[in-house]
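In case you want the letters, here they are:
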Amino acid sequence: MKAVFDPRQAAHDPQFFLSSGAPQPCPEKPARAEALLAATRRMGLEVIAPDDLGEAPIRAVHPERYLTFLRGIFPRWQRIEGASAEVIPNIHPDSRNAGYPASAVGQAGFHMTDTSCPIGPATWDAAYASAQTALTAAGLVQAGARAAYALCRPPGHHAFAESAGGFCYLNNSAIAADYLTGQGARVAILDVDLHHGNGTQGIFYARGDVLTVSIHADPVRYYPFFWGYADEIGEGPGEGANLNLPLPRGTGDAGFLAALDTALSRVAAFAPTALVLALGLDAFEGDPFAGLAVTTPGFTRIGAAIAGLGLPTVIVQEGGYLCPELGDNLEAVLRAFV
Ligand code: ZN
């Protein structure tokens, strides 16, 4: 199995982060990628740089208006007298069908769902490189690889078609899935990150051709709060093509694996020809977010169960934050695909 990684991602180094209203260091650090990359090297995986497939496969998921915003907002923000060092929103519309302002401050509120996705000088280039990383891994699988690992940073699953959120700007998993669909594959996305894959769900919510399944901490008391409930099943042609499996805070291996069993049954029933695994590692018991309590041996079992589907699999890195076991947990999942 090959791993895909682009060192341009490292220049994205967000600083601003609020936790329960209090300023904290941003946990989505470049060092995450270093720890994950070290794990792939320990495993002896061949690490390759991504190809550049251009903006077309990104535009297939994210409208041009949003991409224009992401590309240009940082220099625009710098021209505002007294503005913050990074782009951070302070007002939001009650609906994305609201009016679209010309103002940089107004557009930031329109295109950012929270304060956890600050935009700095290197954010666009890193997000673009991260999307190309996922696309390259998808291309490897399309070309016949059993699996490929996309070491994506920034992550993507909280990014909707027109909005950033939760450390995410471009939805790498959705872009990979849509690309594979365009190549004739029937695709399921399985998201095992601690947090609900709200952006991914939103992108495919009205589509029946891509199945989206997410296992996550129950949003009734956890980020992203407004999405991830069991009654969100898709709409229109997408009705029945979205499955949410919220878990109580602190759920450990047994509860997670039981939900995974349900998820894998749904995936198998969809009869996909390819799987996109949105691989967050923050369900770990020692992750700084401390929402669930999966162990490292638990990740081994999770990887084995998912690999047991026997589907060509694009493994896209989502969350998972700095702790001594971060690389071990990645290795525990990836081993099943090697
Ligand atoms: Zn997460």
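Please refer to the structure higher up on the page.
For every chain, the first residue of the written sequence is number 1, and numbering continues from 1 along that sequence. Since the coordinates come from a predicted model, pLDDT governs what is reported: local features require at least 70, and pairs of side-chain atoms require 80 or more to be given and counted, while whole-chain, interface and lining totals use all residues. Here the side-chain values reflect all heavy atoms present in the structure, with hydrogen atoms and water set aside.

K.L.:
Would you mind showing me how to read the overall build of the protein here?
P.N.:
Helix numbers and strand numbers start at the N terminus; a helix is a DSSP run of H or I with at least 4 residues, a strand a run of E with at least 2. Scanning the protein for helices and strands turns up 10 helices and 10 strands. To get the radius of gyration, use the C-alpha atoms; to get the globule rule, take the number of residues to the power 0.38 and multiply by 2.2 Å. Here the C-alpha radius of gyration of the protein, 18 Å, is about what a compact globule of 338 residues would show, namely 20 Å. Seen through its C-alpha atoms, the protein measures out along the principal axes to roughly 55 × 45 × 40 Å. For the exposure calls, accessible area comes from a 1.4 Å probe over protein chains only, and a residue counts as buried if that area is under 20% of its type's maximum, exposed if over 50%, partly exposed in between. Looking at the protein residue by residue over its 338 residues, the buried ones come to 58%. Across the protein, contacts joining residues at least 24 apart in sequence account for 77% of those joining residues at least 6 apart. Any two residues whose heavy atoms approach within 4.5 Å at even a single point are treated as in contact.

K.L.:
What's the story with empty space enclosed by the protein in this structure? I'm lost.
P.N.:
Where empty space is left can be seen by rolling a probe of water-molecule size over the atoms. Cavities and pockets were defined on a 1 Å grid built over protein atoms only: a cavity is a set of grid points that admits a 1.4 Å probe from which the probe cannot escape, a pocket is an open set flanked by protein on both sides within 12 Å along at least five of seven lines, and lining residues are those with an atom within 4 Å of any such point. Grid points are joined across faces, edges and corners, and a volume is the space filled by probe spheres set on the points. Applying the stated criterion across every chain, the model contains one cavity of 30 Å³ or more. Taken as a whole, the largest cavity encloses approximately 70 Å³ of empty space. If you trace the largest cavity, you find 13 residues lining it, with Asp191, Gly197, Thr212, Val213 and Ser214 closest to the centre. Polarity classes work like this: nonpolar for Ala, Val, Leu, Ile, Met, Phe, Trp, Tyr, Cys and Pro, charged for Asp, Glu, Lys and Arg, and polar for all others, with Gly in that last group. Considering only residue class, the lining of the largest cavity consists of four nonpolar, eight polar and one charged.

K.L.:
Help me out: how do you make sense of the pattern of salt bridges in this one?
P.N.:
When the charged atoms of two side chains with opposite charge come close together, those side chains can pair. Salt-bridge detection follows one rule: a side-chain nitrogen of Lys or Arg within 4 Å of a carboxyl oxygen of Asp or Glu. According to the stated counting rule, one finds 13 salt bridges in the structure shown. Where Arg8 meets Asp6, a salt bridge forms, and the shortest distance between an N and an O atom there is 2.7 Å. For Arg8, a relative accessible area of 45% corresponds to the partly exposed category. Asp6 gets classed as buried once you look at its relative accessible area, which sits at 7%. For Arg71, the salt bridge identified is with Glu55, shortest N-O distance 2.7 Å. Linking Arg71 in helix α3 (residues 64-78) with Glu55 in the loop between β4 (46-48) and α2 (56-59), this pair joins segments that are 16 residues apart in sequence. Residue Arg71 is classed as partly exposed on the basis of its relative accessible area, which comes to 33%. The structure contains a network of salt bridges with shared partners spanning Arg42, Asp328, Glu331 and Arg335.

K.L.:
Could you clarify how one ought to interpret the environment of Tyr222 in this entry?
P.N.:
You can see Tyr222 is positioned in the loop between β7 (210-217) and β8 (242-247). On the accessibility criterion, Tyr222 (8% relative accessible area) is buried. Setting aside its immediate chain neighbours within four residues, Tyr222 contacts Leu194, His195, Ala217, Arg249, Phe289, Ala290 and Gly291.

K.L.:
Even after reading the chapter, I still don't get the packing of α3 against helix α4 (residues 104-111), so can you show me in this structure?
P.N.:
Each pair of packed helices gets described by two things: the angle between the helix axes and the distance between those axes. Only C-alpha atoms enter the line fits that serve as axes; for helices the fit covers just the stretch in contact. Angles between N-to-C directions range over 0 to 180 degrees. The N-to-C vectors of α3 and α4 enclose an angle of 135 degrees; their axes lie 10 Å apart at closest approach. Considered as vectors, α3 and α4 are oriented oblique to each other. As for the relative orientation of α3 and α4, their crossing is left-handed in sense. Note on element contacts: α4 touches α3 through Ala104, Val105, Gln107, Ala108, Phe110 and His111, opposite Arg65, Tyr66, Phe69, Ile73, Arg76 and Trp77. Classifying every residue of the contact of α3 with α4 by side-chain character gives eight nonpolar, two polar and two charged. We call two directions roughly parallel when the angle between them is under 35 degrees, roughly antiparallel when it is over 145, roughly perpendicular when it lies between 65 and 115, and oblique otherwise. In this scheme the crossing of two helices becomes right-handed for a clockwise turn of the near helix relative to the far one and left-handed for an anticlockwise turn of less than a right angle.

K.L.:
It is not clear to me how the nonpolar core should be interpreted in this structure. Could you clarify?
P.N.:
It is characteristic of soluble globular proteins that their nonpolar side chains tend to be buried jointly. Counting residues in hydrophobic clusters, the biggest one holds 52 residues, and the most contacted among them are Leu190, Phe256 and Ile306. For this core, the leading source of residues is helix α8 (residues 253-270), giving eight residues. Ignoring any residue separated from it by four or fewer positions in sequence, one finds Leu190 in contact with Val213, Leu260, Ala263, Leu264, Leu275, Val276, Leu277, Ala278 and Ile306. Residues belong to one nonpolar core when they are buried, are Ala, Val, Leu, Ile, Met, Phe, Trp, Tyr or Cys, and are joined through side-chain atoms within 4.5 Å. Counting 48 residues, the second-largest nonpolar core is a separate cluster that includes Val61, Phe69, Trp77 and Ala131.

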